[in-house]
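Commentary on secondary and tertiary structure
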Amino acid sequence: MDGRSRRIAIFGGTFDPFHNGHLRMAVEILEGLSLHRLFLVPSARPPHKPSRPMAPAEDRLAMVSAAVAGIEGISVLDLELRREGPSYSLLTVREVSDGNPGADLLFLIGADAFAEIAAWHRYRDLLAACDFLLLPRPGIAPGASFPPGIRIEPEGNRCYNLPGCSYRLPGGRRLLCPVLPVLDISSRSIREKVRRGRSLRGLVPLEVERYITDHGLYRGEESG
Ligand code: ATP
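Next up on the list: helix 4 (residues 89-99). Inspection of helix 4 places S89, L90, T92, V93 and V96 among the buried residues, and these make up the whole buried set. End-on view of helix 4: buried residues confined to an arc of 160°, all on one side of the axis. Of the exposed residues in helix 4, those oriented more than 90 degrees away from the buried face are D98 and G99. Along its buried surface, helix 4 packs onto strand 1 (7-13), strand 2 (37-42), helix 3 (79-82), strand 4 (104-110) and helix 6 (123-127).

Let's shift gears to the nonpolar core. Ranked by internal contacts, the top residues of the largest apolar core, which has 38 residues, are F11, I29, L38, L40, L108 and L133. At the level of elements, strand 1, helix 1 (20-32), strand 2, helix 2 (57-68), strand 4, strand 5 (131-135), helix 7 (187-195) and helix 8 (206-215) are the ones that each hand at least two residues to this core. It is helix 1 that contributes the most residues to this core, six residues altogether. In this structure, L38 is in contact with A9, F11, A26, I29, L30, G73, I74, S75 and L108, ignoring residues within four places of it in sequence. If you look at the next biggest cluster of nonpolar residues, it comprises 29 residues, including L79, L90, V93 and A103.

Here the focus is the state of the cysteines. Defined simply, a disulfide is a covalent bond joining two cysteines at their sulfur atoms. Taken as a whole and assessed by the stated rule, the structure comprises zero disulfides. For C177, which is in no disulfide, the shortest distance to another cysteine sulfur is to C165 and amounts to 6.5 Å.

Our next topic: the sheet that holds strand 2. Read across the sheet, eight strands follow the order 3-2-1-4-5-8-7-6 without closing on themselves; strand pairing throughout is mixed. The two strands at the open ends of the sheet, each matched to only one other strand, are strand 3 (74-76) and strand 6 (153-159). Strand-to-strand twist in this sheet, taken as the mean axis angle between neighbours without regard to direction, amounts to 25°. Note that strand 1 and strand 2 share six bridges and pair parallel.

We describe a pair of aromatic rings using the distance from one ring centre to the other and the angle between the two ring planes. Tallying each qualifying case throughout the model produces six aromatic pairs. Geometrically, the ring pair formed by F107 and W120 is edge-to-face, given 6.3 Å between the ring centres and 80° between the ring planes. Pair noted here: F107 is in strand 4 and W120 is in the loop between helix 5 (111-114) and helix 6, with a separation of 13 residues, a long-range link. In terms of burial, F107 and W120 fall into one category: buried. Plain terms: the ring middles of F114 and F146 are 6.1 Å apart, the flat faces sit at 80° to each other, and that makes the pair edge-to-face. You can see F114 sitting in helix 5 and its partner F146 sitting in the loop between strand 5 and strand 6, a full 32 residues away along the chain. For the pair F114 and F146, a shared accessibility class is recorded, and that class is buried. Every member of this aromatic cluster is reached through a ring pair, and the members are F11, F15 and F18.

Before going further, it helps to examine the pairing of strand 8 (residues 174-178). On any regular strand, side chains alternate: one points to one face of the sheet, the next to the other face. Summarising burial for strand 8: five of the five residues are buried, a large majority. Judged by which residues are buried, strand 8 turns out to be covered on both faces: R174, L176 and P178 on one side and L175 and C177 on the other are all buried. Relative to strand 8, strand 5 is paired through two bridges, and the arrangement is parallel. Each residue of the ladder has a partner; that of F132, found in strand 8, is L175. Connecting the antiparallel pair strand 7 (residues 162-168) and strand 8 is a turn made up of five residues, with G171 showing a positive phi of about 100°.

Interhelical geometry of helix 2 versus helix 8 gives an angle of 150° and a closest axis separation of 8 Å. Judged by the angle between their axes, helix 2 and helix 8 are roughly antiparallel. Note on packing geometry: the crossing formed by helix 2 with helix 8 is right-handed. Along the contact surface, helix 2 presents E58, D59, A62, M63, A66 and A67, while helix 8 presents E207, V208, Y211, I212 and H215. Classifying every residue of the contact of helix 2 with helix 8 gives seven nonpolar, one polar and three charged.

Cut-offs applied
Residues numbered from 1 in each chain as written. Predicted model: local features only at pLDDT ≥ 70, side-chain atom pairs only at ≥ 80, totals over all residues. Heavy atoms only, no water. Buried < 20%, exposed > 50% of the residue type's maximum accessible area, 1.4 Å probe, protein only. Helix = DSSP H or I, 4+ residues; strand = E, 2+ residues; numbered from the N terminus. Arc of directions from axis to C-beta. Contact = heavy atoms within 4.5 Å. Core = buried A, V, L, I, M, F, W, Y, C linked by side-chain atoms within 4.5 Å. Disulfide = S-S within 2.5 Å. Pairing = 2+ DSSP bridges. Axes fitted to C-alpha atoms, helices over the stretch in contact; angles between N-to-C directions. Phe/Tyr/Trp six-rings, centres within 6.5 Å; stacked < 30°, edge-to-face > 60°. Parallel < 35°, antiparallel > 145°, perpendicular 65-115°, else oblique. Left-handed = near helix turned anticlockwise from the far one by under 90°. Nonpolar A, V, L, I, M, F, W, Y, C, P; charged D, E, K, R; others polar.

Right, dumping it as C-alpha cells:
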C-alpha cells in the first residue's frame, strides 16, 4: 500500500472508564474523515490528571479493547503501558509515526484537554509533530478552548469532508474543529454513577458495563 495517502488518528485518554462519548467520537471521525485507522491509546501514567485513585492501566486497557473488538478500522495500542515513566503524548506520537512511515497523523483531543495543552510536556514540539482535531465538550465553544499565548490562525471552513473550521498552529500544523455531536458523558460521571449504584445503560458499551461489575471497579470514594 502507498503509505503517503494514509490518514491515521491517535485518540489517547485515561479512559477510566472508556465510555460512549469516546466510542461515538472515534466512529464519527473514522467515518467522517475516511481514516485508514484510528488508534485508541490508553494512558498508563497520565501526567495531567489530578492524583486520584485510578483503575489499574491493565483494566482500563482491557475495557477499551473489549469495547472496540471487531470494529473495522479501530484498534488499541498498549504502547504507553509498555513504556517506562509518565505517558507523554509527544513520545506516543513519535512512536506511532515511526511505526507508520509516511502516514498523516491526526491527534484527537477534547476541548477541555486542549485548553490545558500549554501544561503538557514539550507542548510546542507536540503541536508541531502532527495535526490536531478538537472534539467538542459540553459548554466549551471551540474558540474558548484555545489557550492564551499560543498563536492559532484561522485557515478555512472545512475539515477534509466534514463541515467545520480549520486553523494553523505554531509550527505550521493544522487544528481541525469539525462540527460533531456534543455528547455530555464523562468518565467522572460514570464513576459517580457506579458509586451511587445507578445504571450505566446507554452510557458505556455493554462490555465495559460488564467489566466494571465483574471487577468491582469504582466502588470506593473519589478524591480530587
Ligand atoms: P474524566 O471525566 O475522568 O476527566 P473524560 O471523560 O474526560 O475523563 P478522558 O479519558 O480523560 O475522559 O478523555 C480522553 C479524551 O477524550 C480527552 O481528550 C477528552 O477531552 C475526550 N473526551 C472525553 N469524553 C468526551 C466526550 N463525551 N466527547 C468528546 N470528547 C471526549
